[in-house]
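Commentary on secondary and tertiary structure
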Amino acid sequence: MSIKENLEQFKAELPTHVKLVAVSKTKPVEVLQEAYDAGQRVFGENKAQEMAAKYEALPKDIEWHFIGHMQTNKVKYIAPFVSLIHSVDSEKVLREINKQAAKNNRVINCLLQFHIAEESTKFGLNMEEASTLVESKENYKNVRFAGVMGMATFTDNKEQIRREFNQLYHFFQTLKQEFFPHDEVFKEISMGMSGDYKIAIDEGSTMVRIGTRIFGKREYGKAKG
């Protein structure tokens, strides 16, 4: 099936309140253009310099989401144009995003990344750390908290995945009630990828990050990040 057919089929089964982020990391510009021509406008990248290069090469109405681990020395490459950073997992990163956003006269929307998986290799905050960051949100005038993000354990155990997504949903609800009760921007729960998005949607996801289901398994030449 073509990328266009994959997109049409996937969107047909996606609830209207769930946003599709097409995970285009490692894919060449021509492949993203094909998805764009089929109507896709939201793309997710995990390497800052690769994302910046694609931003320059592609139409300017694309909504770029950064979904990888955010290194402080890479923020400057995406600060002029990024729509949403999914992976705020430390005060250090938050400070740098705020600094680079201010330099570009922008307010950048960000998600707080929680560690919900059993795997120690995954990044993310716990509830206490997230609350500490949010309590000092007045210090970050050029950052807007838009919700939460998390990745479940890579496992065939569907009940475990469901528990982890449910935990993220409850983290979101706790933060919403305590810190953002009247803030309409704080509304996103980014969870779910090609292998577990259906469970994620059941558990309250508003945003799924899908690569393989759209672009196939083929890996292209790795771009520098």
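To start, this report covers the structure provided alongside it.

Rules of the game
Residues numbered from 1 in each chain as written. Predicted model: local features only at pLDDT ≥ 70, side-chain atom pairs only at ≥ 80, totals over all residues. Heavy atoms only, no water. Buried < 20%, exposed > 50% of the residue type's maximum accessible area, 1.4 Å probe, protein only. Helix = DSSP H or I, 4+ residues; strand = E, 2+ residues; numbered from the N terminus. Pairing = 2+ DSSP bridges. Right-handed = clockwise from strand over helix to strand, strands pointing away. Core = buried A, V, L, I, M, F, W, Y, C linked by side-chain atoms within 4.5 Å. Contact = heavy atoms within 4.5 Å. Polar contact = N/O pair within 3.5 Å; in protein donor to acceptor, adjacent residues only side chain to side chain. Expected span 1.5 Å × (residues − 1). Phe/Tyr/Trp six-rings, centres within 6.5 Å; stacked < 30°, edge-to-face > 60°. Lys NZ or Arg CZ within 6 Å of the ring centre and 35° of its normal.

1. Looking at the pairing of strand β4 (residues 84-88)
Among the five residues in β4, five count as buried, and that is most of the element. Looking at chain direction, strand β3 (residues 63-66) and β4 are connected through two bridges and run parallel. By the bridge assignment, F66 is partnered in β4 with I85.

2. Considerations on the pairing of strand β1 (residues 19-23)
Along β1, four of the five residues are buried, which leaves the element largely enclosed by surrounding structure. Where β1 meets strand β8 (residues 207-210), four bridges bridge the pair, whose relative direction is parallel. Bridging across to β8, A22 finds its partner in I210. Where β1 meets strand β2 (residues 42-45), two bridges bridge the pair, whose relative direction is parallel. By the bridge assignment, V23 is partnered in β2 with G44. Note that the unit made of β1, helix α2 (residues 29-37) and β2 has a crossover that is right-handed.

3. Digging into the nonpolar core
Formed by 65 residues in total, the largest nonpolar core has its most connected members in I85 and F114. Broken down by element, the residue count for this core peaks at seven residues, all from helix α7 (residues 158-179). Not counting residues within four places of it along the chain, the set of residues in contact with I85 comprises F66, M70, I78, I97, I108, N109, C110 and L111. Of all hydrophobic cores here, the second largest spans seven residues; its members include V42, L84, M149 and M207.

4. A word on the side chain of S24
Note that S24 resides in the loop between β1 and α2. At a separation of 2.7 Å, a polar atom in the side chain of S24 contacts the side chain of E45.

5. Thoughts on α7
At 3.6 residues per turn, the α-helix brings residues three or four places apart onto the same side. Between its terminal C-alpha atoms α7 stretches 31 Å, which fits the 32 Å expected from 22 residues at 1.5 Å a residue. Among the structural elements, β5 (108-114), α6 (127-135), β6 (143-150), β7 (188-190) and α8 (197-202) are those in contact with the buried residues of α7. Where α7 begins, the side chain of N157 points an oxygen toward the backbone nitrogen of E159, at a separation of 3.1 Å.

6. Regarding the environment of R213
Tracing the sequence through the fold places R213 in helix α9 (residues 212-215). For the pair R213 and K74, spaced 139 residues apart in the sequence, the C-alpha separation amounts to 28 Å. Setting aside its immediate chain neighbours within four residues, R213 contacts N6, Q9, F10, E13, S194 and Y197. Within polar-contact distance, the side chain of R213 engages the side chain of Y197 at 2.6 Å.

7. Some remarks on the packing of aromatic side chains
In total, this model carries seven aromatic pairs according to the counting rule given. Taken together, a centroid distance of 4.8 Å and an interplanar angle of 55° make the contact between F10 and Y197 tilted. One end of the pair, F10, is in helix α1 (residues 3-12); the other, Y197, is in helix α8, and 187 residues separate them in sequence. On the accessibility criterion, F10 (0% relative accessible area) is buried. For Y197, a relative accessible area of 4% gives the class buried. Following the ring pairs from residue to residue traces out a cluster consisting of F145, F172, F180 and F186. The ring of Y36 has R41 sitting right over it, with the charged end atom 3.6 Å from the ring centre. A cation over a ring is seen here: K60 above Y55, with NZ or CZ 4.8 Å from the ring centre.

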